[in-house]
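# Structural overview
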Amino acid sequence: MNPHVLRLPKNEILTAAEQFKTPFFLYSEAKIRENCRRYREAFREYFPDFQPFYAVKANPNPEILKIILEEGFYLDTSSPSEVFLAKKLNAHGMYTGNYTPPEELEYAKKQGLVLNLDDISMIPFLEKIGVPETLSFRINPGIGNGGMKSLVVAGPDAKFGMPFEKAAEAYSAAKKLGIQKFGIHMMTGSNILDASHFPKVVQKLFEVVAEIHSQTGIEIEFMNIGGGFGVPYAPEEKSLDMNAIAKEIHKVITDSCEKYSLKQPRLMAEPGRYITADAGWLISRILLRKESYKTFVGIDASSNDMPRPSIYGAYHHISVLNSTSSEEKVSVVGRICENNDQFAQDRILPISNIGDVVVIHNCGAHAYAMGHNYNGRMKHAEYLLQTDGKFRQIRRSETIEDLFATLNFE
C-alpha cells in the first residue's frame, strides 16, 4: 500500500473538525513545501538552472500560491483571473491560454508574463497588442497520455497546441514580426504515472526543436515540458520516481543536443497536482445512513465541493476516523440532486455512525478549484495547517448573499 495515499494528519484533522464547521478543506503547509523541494531538487541535480512553474488552475488560493512562490516556483497561468493573481503576488510566469482573444493576451503581456501561443493562427494578434521580446508556442507532439481518456491533452483528438508539423512555419512568421527570444512548450496529458512517457515526449519535442533550427536558424532558449506528473490516488498505485525521470530527461536532452549540434535550452516544467494534491483533504461528517437496495452513507460534503468523482468517475481514497475495526460495503454520497453525486460506490470502509468524521484524500488539487454552485449549494471554507502546528483560515465559506451578489433584484 502506498503511504503517500494513506497518509493523513489524523490528530490535527480531528482537532480541526472540532473547531470548524464541516465540510471544509485542510491543507498541509509542510507537505506542500516538501513536494516543492522534492520536485525542484530532482531536476536541479541535472539542470542547475531548472525553473519550475506551478499550474495555478490546480489550486488558485493565494495563500497556497505564496508558499509555492517562496519555494522558488513561477506561476503557469491560463486565464485573466490567474494573471490577476500573478500580478497581486508579484510573480513571474507564463500565460498559456487556448482559443484566446487578443485582449487576454494583451492583459497577460502588460503584466510581464511570457506569452505561450496555442496556435499559428494567433500570430496576427501580436501586431494588435504589440510584439513582445520573448515568445513561446505550445506544440502538440502528436502523442499523449493521461490517467483517463479525458486527461489526454495531446495527439489527434486534443484541442490543445499547434501540430508539430506547423512549428517551423510559426516560428519563422514570429521571427519576421521582430521576436527576439524564443521558447517552446508542450503539455501532453494529466496525472501520468508511466515514468517512461516523459523522456519519450521530450525526445519528440527535441526533434521539433531541431527542425525549427534547421529551417529557420532559431535557437530555442527555453523548453517547458509542461506538467502531467501524476500522483497515486488509489493505495495500490506507485508514486513516480522524480529523480529517475529527471535523469532520463537529462540523458535525452544531452544526447539530442549532441546529435543535432544544438545549445541546451533552459529546462522548465509546470506541475500542478504533483505539488498540492496529496497535501489537501476534504473533511466532512456523516449526516445519516440509508438502508436501501444498498447502504448509503450521506455526508455533509457534496460533488459541488469536489466534483472529480462525479465528472470523471475518479477514485479518491476515503478514511472514516473512528475506532472500529469492523468493515462494511457502502456508497458514500452527497446532497446534490444528481445520482452521480457519489464519492465512492460499494467501497469497503469501517462501519460508521452519524457524526463520524470522513476524510477524502488527494483534495489539494483540482478539488476546490473545480467546485461549483449547482443546486444553489455554497462552496466551503479552506484552512491551512501551518508548519507551527496552528490552523489558519485562508478562505471563508460562501454565503447565500455571495451566491446572488451579481444579480439585481430591483
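Throughout this document, residue positions are counted from 1 along each chain, in the order its sequence is written. Under the rules for a predicted model, residues below a pLDDT of 70 receive no local features and side-chain atom pairs below 80 are neither given nor counted, while totals for whole chains, interfaces and linings still include all residues. Side-chain metrics in this entry use all non-hydrogen atoms of the structure; hydrogen atoms and water are not considered.

### Focus: the packing of helix 3 (residues 29–44) against helix 4 (residues 62–70)
Applied cut-off: Axes here refer to lines fitted to C-alpha atoms; in helices the fit is confined to the stretch in contact. Angles between the N-to-C directions go from 0 to 180 degrees. Counting from the N terminus, the helices are DSSP H or I runs at least four residues long and the strands are E runs at least two residues long. Roughly parallel means an angle under 35 degrees; roughly antiparallel, over 145; roughly perpendicular, 65 to 115; everything else is oblique. Each crossing gets its hand from how the near helix is turned against the far one by less than a right angle, where anticlockwise is left-handed and clockwise is right-handed. Two residues qualify as a contact provided that any one of their heavy atoms is within 4.5 Å of a heavy atom in the partner residue. In this count, Pro and Cys sit with the nonpolar residues alongside Ala, Val, Leu, Ile, Met, Phe, Trp and Tyr, while Asp, Glu, Lys and Arg are called charged and the others, Gly among them, polar.
It is at 9 Å that the axes of helix 3 and helix 4 come closest, and there the two elements cross at 40°. Comparing the axis directions of helix 3 and helix 4 gives the class oblique. As for how helix 3 packs across helix 4, the hand of that crossing is right-handed. Here Glu 29, Ile 32, Arg 33 and Cys 36 of helix 3 come into contact with helix 4, specifically with Ile 64, Ile 67, Ile 68 and Glu 70. Residue classes in the contact of helix 3 with helix 4 are distributed as five nonpolar, no polar and three charged.

### Some points on the packing of aromatic side chains
The criterion, for reference: The rule is short: rings of Phe, Tyr and Trp, with Trp giving its six-membered ring, pair when the centres are within 6.5 Å, and they are stacked under 30 degrees, edge-to-face over 60, tilted in between. Burial here depends on accessible area, computed with a 1.4 Å probe over protein chains only, as a share of the maximum for the residue type. Under 20% is buried, over 50% is exposed, and the range in between is partly exposed.
Summed over all chains, the structure comprises 17 aromatic pairs. Here Phe 20 and Tyr 383 contribute two aromatic rings whose centre-to-centre distance is 3.9 Å and whose plane-to-plane angle is 15°, an arrangement assigned as stacked. With Phe 20 in the loop between helix 2 (10–19) and strand 1 (24–28) and Tyr 383 in strand 17 (residues 382–385), the pair connects residues that are 363 residues apart, well separated along the chain. The exposure class of Tyr 383 is buried, given its relative accessible area of 8%.

### Details of the pairing of strand 12 (residues 295–299)
Using the following cut-off: When DSSP finds two or more bridges between a pair of strands, those strands are recorded as paired.
Most of strand 12 is tucked away, with four of its five residues classed as buried. Pairing analysis gives five bridges linking strand 11 (residues 280–291) to strand 12, with the strands arranged antiparallel. In the strand pairing of strand 12, Arg 289 is matched with Val 297. Taking the residues between adjacent antiparallel strands as the criterion, strand 11 and strand 12 are bridged by three residues. When strand 12 meets strand 14 (residues 327–333), the two strands line up parallel, connected through three bridges. Looking at the pairing, Val 297 lines up with Val 332 of strand 14.

### Section: the packing of helix 9 (residues 197–216) against helix 10 (residues 242–260)
Contact pair helix 9 / helix 10: the axes reach a minimum separation of 9 Å and the direction vectors enclose 25°. Overall, the two elements helix 9 and helix 10 adopt an arrangement that is roughly parallel. With respect to the hand of their crossing, helix 9 and helix 10 are arranged in right-handed fashion. For the pair helix 9 and helix 10, the contacting residues are Phe 198, Pro 199, Val 202, Gln 203, Phe 206, Glu 207 and Ala 210 in the first and Ile 245, Glu 248, Ile 249, Val 252, Ile 253, Ser 256, Cys 257 and Tyr 260 in the second. Per-class residue counts for the contact of helix 9 with helix 10 are 11 nonpolar, two polar and two charged.

### Digging into the nonpolar core
Where we set the bar: Here, the term nonpolar core denotes a set of buried Ala, Val, Leu, Ile, Met, Phe, Trp, Tyr and Cys residues that are joined through side-chain atoms within 4.5 Å.
Formed by 100 residues in total, the largest nonpolar core has its most connected members in Tyr 39, Phe 43, Phe 137, Ile 184, Phe 229 and Ile 249. When residues of this core are assigned to their parent elements, the largest contribution, nine residues, is made by helix 9. Residues contacting Ile 249, with those up to four places away along its chain left out, are Phe 43, Phe 47, Phe 198, Pro 199, Val 202, Ile 225 and Leu 267. Leu 8, Ala 16, Tyr 383 and Leu 385 belong to the second-largest nonpolar core, a separate cluster that totals 15 residues.

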